[in-house]
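Residues per chain are reported as follows:
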Amino acid sequence: MRLFLVLATAFISVFSHANSSWSDIEQQAKGQTVYFNAWAGADNINAYIRWAGEQVKQRYGVELEHVKITDTANVVSRILAEKVSGRTNGGSVDLVWVNGENFRALKEAKLLYGPFSQHLPNLALTDTNSPALQYDFTIPVEGYESPWGGAQLTFYYDGARIKQAPTSMQALLGYLQQSPGLFSYPAPPSFYGTTFVKQALFETIDDTEQLYQPVDKQNFNKATSKLWAYLDELHPLMWRRGQSFPSGSGQMQQLLNDGELSIAFSFNPNDPAAAIEQGLLPESVRSYVHQVGTVGNTHFLAIPFNSDASAAAMVVANFLLSPEAQARKADLTYWGDPTVLALDKLSAEQQQFFAGQQNQASLSAADRAKVLGEPHATWVALLEAEWLRRYSQ
C-alpha cells in the first residue's frame, strides 16, 4: 500500500531551465559533477564514456563519473527508494542510460526530470518526427529522454561454414535439425535472451498488432502458445542441448570464433563488423536479418527528478548528440553503435565524420530498414517470468 501511495503522489520535477538560454545552462553546468549510471559490460563502451568525460571536462568544465552498472533495473529501484525516503535533492544518479521497461517504470512513477530534450541544441540534428525517437517501446517519450543510439537485432554467421543464412525462425529450426548444437541464446532475463524470445514471438504469434498494446494477462497464454511450442522444439537442438546458455553477446561471439557456434547475434548492427576490425571474428563472418525484419529500438539518456546537476546532465546529453561524439561512437574501431542523427541534416563537413565506417560484415541499407518496433513494455515481465518457469534449471 505504501508503494502505491508513493507512486500515486510522486511528481515529475518541474523543468527548471525553461527560461534559460543554452549559454546560461552551460554556465550553470560548470563545476558540476554528473554521475552517469551506464552499463559497463564492454571495454569499448567504457573507453568511449571515458573519452566523453575527457571532452566535457575540457570543453564545459563538467566532471563525468561513470557509475558502472550491470542492470538498469537496479538503478530504477535506487531512484524509487530515494523518493520513498524523501531524498528529493542530491540524488545519487544524474544521468542514466535507459529505455524500454525501465523508462516505463521511471515515467509511470514520475521519477524523471523534464521535459528537457527539446532544449538540447543538437536534437535538431535528428529526425524529430521519427516514431523511433518519439516512442520508447510504444511509451511516448515527451521530452523526458534524449536519444543516444540505434539498435537492431542482427544475426551473423561464419560464411566459411554456412552457405546460406537461415532468415526466419522456422529456417533456423530447420538448419539445427541438420546441424545440431551450432546455435544458442542467453537465458532471459538477459537482455539478449529476452530480445531473441521477442523475435521468436513476432514470428509465431497469430496477430502481431496485439504486441503493440498493453499485454492482456487473460489472453497471454493463448497468445504465446506457439512461441513455447517453438522453443520446446528448438532447445534440444541447441548448443549443449539447451541445458545451459551463453552468458551474453560476448560469449556467443567467442563461441562462434572458436567454432562451437556457426550462428550468433547481437543487438548492435555493427558488432560483427567491429569484431572483424578488432580481430575477434574471422573475415568470413557476414551479418543478416530475418525476412520479416528484426526487433529494433532507440536507446536514450534520462535525468532523474532529484538530480542536483541537471544543467550539467543536459550539457553531457547534448555533447553525446553532437556529430563528433556520434561519429566516434559509430566508428567500428571505437564502439560501432549506430548514430541517431539524420545525416541529411548535417553539413558536408559533418557528414565526412561518418565516411568509411563499414566493412563486408556490415548490414546492408535494405536490412537496416527491416525493423520491427519493440512490443509494448508490459510484455517483457510476463515473457521473462514464463520463460524462467518453463526452462530455468
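Residues numbered from 1 in each chain as written. Predicted model: local features only at pLDDT ≥ 70, side-chain atom pairs only at ≥ 80, totals over all residues. Heavy atoms only, no water.

**Q** For this particular structure, what's the right way to read the overall build of the chain?
**A** Helices and strands together make up the secondary structure of the chain, namely 16 helices and 11 strands. Taking 393 residues into account, the globule formula puts the C-alpha radius of gyration at 21 Å, and the chain, at 21 Å, falls close to it. Its C-alpha atoms give the chain principal-axis dimensions of roughly 65 × 55 × 35 Å. When burial is assessed residue by residue, the chain has 55% of its 393 residues classed as buried. Once the 28 positive and 38 negative side-chain charges of the chain are each reduced to a mean point, those two points are 4 Å apart. (Helix = DSSP H or I, 4+ residues; strand = E, 2+ residues; numbered from the N terminus. Rg over C-alpha atoms; globule rule 2.2 N^0.38 Å. Buried < 20%, exposed > 50% of the residue type's maximum accessible area, 1.4 Å probe, protein only. Lys, Arg positive; Asp, Glu negative; His and termini not counted. Charge placed at Lys NZ, Arg CZ, Asp CG, Glu CD.)

**Q** Explain the pairing of strand S10 (residues 294–302) here, please?
**A** Each regular strand shows side chains that alternate between the opposite faces of the sheet. Burial runs high along S10: 9 of the 9 residues are buried. Bridge analysis of strand S3 (residues 95–98) against S10 gives 3 bridges, and the strand direction is antiparallel. Looking at S10, one finds that Val98 is bridged to Phe300. With 6 bridges connecting them, strand S6 (residues 146–152) and S10 associate as antiparallel partners. Residue pairing in the sheet places Gly150 in a bridge with Thr298 of S10. (Pairing = 2+ DSSP bridges.)

**Q** Teacher, can you tell me more about the layout of surface pockets here?
**A** In this model, the largest pocket occupies a volume close to 1,500 Å³. Taken together, 50 residues form the lining of the largest pocket, with Trp39, Trp97, Phe191, Tyr192 and Phe267 sitting closest to its centre. Looking at the lining of the largest pocket, the element that brings in the most residues is helix H10 (residues 249–257), giving 5 residues. A breakdown of the residues in the lining of the largest pocket according to their chemical character gives 23 nonpolar, 20 polar and 7 charged. (1 Å grid on protein atoms, 1.4 Å probe; cavity = no way out; pocket = protein on both sides within 12 Å on 5 of 7 lines; lining within 4 Å. Points joined across faces, edges and corners; volume = space filled by probe spheres on them. Nonpolar A, V, L, I, M, F, W, Y, C, P; charged D, E, K, R; others polar.)

**Q** It is not clear to me how the pattern of salt bridges should be interpreted in this structure. Could you clarify?
**A** Side chains bearing opposite charge may pair, as long as their charged atoms lie close to each other. The tally for this structure, following the rule as stated, stands at 12 salt bridges. For the salt bridge of Glu108 with Arg104, the shortest nitrogen-to-oxygen distance reads 3.0 Å. Remark: Arg104 and Glu108 occur in helix H5 (residues 100–108); sequence separation between them is 4 residues, near one turn of the helix. Among the residues examined, Glu108 registers a relative accessible area of 51% and is labelled exposed. A salt bridge links Asp206 to Lys226; the shortest N-O distance between them is 2.7 Å. In this pair, Asp206 sits in the loop between helix H8 (191–204) and helix H9 (220–234) while Lys226 sits in helix H9, placing the two residues 20 residues apart along the sequence. For Asp206, a relative accessible area of 66% puts it in the exposed group. What you see here is one network of salt bridges that share partners, running through Glu101, Arg104 and Glu108. (Salt bridge = Lys/Arg side-chain N within 4 Å of Asp/Glu carboxyl O.)

**Q** Just checking my understanding: could you explain the packing of helix H2 (residues 22–29) against helix H12 (residues 310–320) for this structure?
**A** Think of two packed helices as two axes; the pair is described by the angle between the axes and how far apart they sit. Contact geometry of H2 with H12 gives a least axis separation of 7 Å together with a crossing angle of 115 degrees. The angle between H2 and H12 places the two elements in the roughly perpendicular class. Crossing of H2 over H12 shows left-handed handedness. Of the residues in H12, those touching H2 at Trp22, Ile25, Glu26, Gln28 and Ala29 are Ala311, Ala312, Met314, Val315 and Asn318. (Axes fitted to C-alpha atoms, helices over the stretch in contact; angles between N-to-C directions. Parallel < 35°, antiparallel > 145°, perpendicular 65-115°, else oblique. Left-handed = near helix turned anticlockwise from the far one by under 90°. Contact = heavy atoms within 4.5 Å.)

**Q** In this structure, what is going on with the sheet that holds strand S7 (residues 154–158)? I would like to understand it.
**A** In any sheet, the strands associate via hydrogen bonds between backbone groups, in a parallel or an antiparallel arrangement. With antiparallel pairing, 3 strands are arranged side by side in an open sheet as S8-S7-S9. Each end of this open sheet is capped by a strand with a single partner; those strands are strand S8 (263–266) and strand S9 (285–288). Taking each pair of neighbouring strands and ignoring which way they run, the sheet shows an average axis angle of 30 degrees. Pairing of S7 with S9, which is carried by 4 bridges, proceeds in the antiparallel orientation. Within the sheet, the bridge partner assigned to Tyr157 lies in S9 and is Arg286.

**Q** Any chance you could explain the packing of aromatic side chains here in plain terms?
**A** A ring pair, where both rings are aromatic, is described by two values, the distance of the centres and the angle of the planes. Enumeration over the complete set of coordinates arrives at 23 aromatic pairs. When the centroid spacing of 5.7 Å and the interplanar angle of 80 degrees are considered together, the rings of Phe191 and Tyr192 count as edge-to-face. Here Tyr192 falls in the buried class, since its relative accessible area comes to 17%. Cluster of aromatic residues (ring-pair linked, three or more members): Phe155, Tyr157, Phe183, Tyr185, Phe196, Trp228, Phe245, Phe265, Tyr288, Trp387 and Tyr391. One Lys or Arg, Arg328, reaches over the ring of Tyr334 and ends 3.8 Å from the middle of that ring. The cationic tip of Lys329 hangs over the ring face of Trp335; the distance from NZ or CZ to the ring centre is 5.5 Å. (Phe/Tyr/Trp six-rings, centres within 6.5 Å; stacked < 30°, edge-to-face > 60°. Lys NZ or Arg CZ within 6 Å of the ring centre and 35° of its normal.)

**Q** Where do I start with the confidence of the model for the chain in this structure?
**A** With 96% of its residues at a pLDDT of 70 or more, the chain has an overall mean of 93. Within the model, pLDDT remains below 50 along residues 1–12, and this stretch shows 16 contacts once partners closer than five positions in the same chain are excluded. (pLDDT = per-residue confidence, 0-100.)

**Q** What is the right way to look at the pairing of S7 in this model?
**A** When you tally the buried positions in S7, you get 5 out of 5 residues, the bulk of the element. On S7, burial covers both faces: Thr154, Tyr156 and Asp158 on one face and Phe155 and Tyr157 on the other are all buried.

**Q** It is not clear to me how the packing of helix H3 (residues 43–60) against H12 should be interpreted in this structure. Could you clarify?
**A** The contact between H3 and H12 brings their axes to 11 Å, and the two run at 115 degrees. In this structure, H3 crosses over H12, and the sense of that crossing is right-handed. For the pair H3 and H12, contact is made by Tyr48, Trp51, Ala52, Gln55, Val56, Arg59 and Tyr60 and by Val315, Val316, Phe319 and Leu320, respectively. Of the residues contributing to the contact of H3 with H12, the split by class is 9 nonpolar, 1 polar and 1 charged.

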